[in-house]
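Architecture at a glance
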Amino acid sequence: MDTLENIKQQIAENDILLYMKGSPNAPQCGFSMRASQALMACGKRFAYVDVLSNPDIRTELPKYANWPTFPQLWIKGELVGGCDIIMEMYESGELKTMVEEAAAESEGDE
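These lines cover the structure that appears in this document, whether it is placed above or below. All values reported here derive from a predicted model rather than from experimental measurement. (Residues numbered from 1 in each chain as written. Predicted model: local features only at pLDDT ≥ 70, side-chain atom pairs only at ≥ 80, totals over all residues. Heavy atoms only, no water.)

By the element assignment, Glu60 lies in helix 3 (residues 55–65). For the pair Glu60 and Phe70, spaced ten residues apart in the sequence, the C-alpha separation amounts to 12 Å. When residues no more than four places from it in sequence are discounted, the contact partners of Glu60 are Thr3 and Ile7. (Helix = DSSP H or I, 4+ residues; strand = E, 2+ residues; numbered from the N terminus. Contact = heavy atoms within 4.5 Å.)

Laid out in structure tokens, this is it:
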């Protein structure tokens, strides 16, 4: 499977997906740390991909997403945005609502 197909599959299979540097428990940059903490504070499980250990994804995803930086949050197959947008949405309560709706839909699929 090529990298682009892999990215598309990851996005399709995970209703809440964070592409980040490092992991939620060991983020490798401040932006990834803040984004993952905001997501964890929403109280629902989410998937993540460490772009540092996946250099092909790190190279290809910005082209696919038309978004140059990491982290990138994808919910229900749509790019939500990077750290600044994630933090704004978290502070307004919009992120929690969006995450809860996506999690409820995915729990209903099981």
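From this point, things continue past the structure.
What helix 4 (residues 83–92) keeps buried is the set Cys83, Ile86, Met87 and Met89. Each buried residue of helix 4 sits inside an arc of 165° when the element is viewed along its axis, so together they form one side. Across helix 4 from its buried face, at more than 90 degrees, point the exposed residues Asp84, Glu88, Glu91 and Ser92. With its phi angle positive at about 90°, Gly93 sits one or two positions after the end of helix 4. (Buried < 20%, exposed > 50% of the residue type's maximum accessible area, 1.4 Å probe, protein only. Arc of directions from axis to C-beta.)

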